[in-house]
Amino acid sequence: MGNDKTAVTRGWVLTMLGGLHYGYHVGVVAAAASGVAEHLGEDLQSIEVASALALAGAIFGSPLSGVICELFGRRVGTVVGETVGLLGALCCACASGYHWIWLGRLLVGLGIGFCTLAKPLYIQETVDVSAGRPILAGFAPAVAAGVLLSKASSNLHWRVAFALGALPAV
């Protein structure tokens, strides 16, 4: 464990990207809803399900992350979570029906759940406690910024709005 500039910078970047990722995916369904309804048919219940599935996925992703992190390490847990989230965002962006959006949102939620546990564990292992706590405190404002960014994406095509959710995972 160290307090060198590289570890602290990595901690800040992981925390900020994690918060942006989480917040963006919480709000993107609302931002893309009118475009999705126009393309796939106006079905309010299907849009509501899409919104809820990301949070449901997060509920299951976090405990799964604990198992993966214990078996393979925190870095692997973060990579698995980001990969699953990336696949989910791309699934939503390429969706030909609501069932694909639902699958994508569930994958996004699993990824968010993974990273919400794995990233703070990784940061706490790689950065001294005195630097780690302020870094992790940046997560909540980053979530708010992610929600604001998702709202700004409402002017974009709905596929682009969903695809932008893959950027923090990359």
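Residues numbered from 1 in each chain as written. Predicted model: local features only at pLDDT ≥ 70, side-chain atom pairs only at ≥ 80, totals over all residues. Heavy atoms only, no water.

### Brief notes about a nonpolar patch on the surface
Alright, step 1. A cluster of nonpolar side chains, contributed by Val67, Leu71, Phe72 and Val76, occupies part of the molecular surface with about 400 Å² of accessible area.
Alright, step 2. Relative to the helices and strands, Val67 is located in helix H2 (residues 44–72). (Patch = residues over 30% accessible without salt bridge, like charges linked within 9 Å, V, L, I, M, F, W, Y side chains within 5 Å. Areas by Shrake-Rupley, 256 points an atom, 1.4 Å probe, with all protein chains shown as cover. Salt bridge = Lys/Arg side-chain N within 4 Å of Asp/Glu carboxyl O. Helix = DSSP H or I, 4+ residues; strand = E, 2+ residues; numbered from the N terminus.)

### Digging into helix H4 (residues 98–126)
Alright, step 1. Between the first and last C-alpha of H4 there are 41 Å, a value that for 29 residues agrees with the 42 Å anticipated at 1.5 Å per step.
Alright, step 2. In H4, a bend of some 25° at Cys115 exceeds every other bend along the element. (Expected span 1.5 Å × (residues − 1). Bend = angle between axes of the 7 residues up to and from the residue.)

### Focus on the packing of aromatic side chains
When we look at a pair of aromatic rings, we describe it by the centre distance and by the angle of the planes.
Alright, step 1. Tallying each qualifying case throughout the model produces two aromatic pairs.
Alright, step 2. A ring pair is formed by Tyr22 and Phe139, whose centres lie 6.2 Å apart and whose planes are at 75°; its orientation type is edge-to-face. Within this pair, whereas Tyr22 is found in helix H1 (residues 5–40), its partner Phe139 is found in helix H6 (residues 139–152), the two being separated by 117 residues in sequence.
Alright, step 3. In this structure Tyr22 comes out as partly exposed when scored by relative accessible area, which is 24%.
Alright, step 4. Considering the side-chain rings of Trp158 and Phe162, the 6.2 Å spacing of their centres and the 85° angle between planes classify their relative orientation as edge-to-face. Linking Trp158 with Phe162, this pair stays in helix H7 (residues 158–164), spanning four residues, or about one helical turn. Comparing Trp158 with Phe162 shows no difference in burial state: the two are buried. (Phe/Tyr/Trp six-rings, centres within 6.5 Å; stacked < 30°, edge-to-face > 60°. Buried < 20%, exposed > 50% of the residue type's maximum accessible area, 1.4 Å probe, protein only.)

### Structural notes on the packing of helix H5 (residues 129–137) against H6
Alright, step 1. The contact between H5 and H6 brings their axes to 5 Å, and the two run at 25°. Between H5 and H6, the crossing angle belongs to the class labelled roughly parallel. Of the residues in H6, those touching H5 at Ile135, Leu136 and Ala137 are Phe139, Ala140 and Pro141.
Alright, step 2. Considering only residue class, the contact of H5 with H6 consists of six nonpolar, no polar and no charged. (Axes fitted to C-alpha atoms, helices over the stretch in contact; angles between N-to-C directions. Parallel < 35°, antiparallel > 145°, perpendicular 65-115°, else oblique. Contact = heavy atoms within 4.5 Å. Nonpolar A, V, L, I, M, F, W, Y, C, P; charged D, E, K, R; others polar.)

### A short note on the confidence of the model for the protein
Alright, step 1. Confidence along the protein averages 87 in pLDDT terms, with 98% of residues attaining 70 or more.
Alright, step 2. Between the elements of the protein, mean pLDDT differs from a low of 77, seen in H5, to a high of 92, seen in H7. (pLDDT = per-residue confidence, 0-100.)

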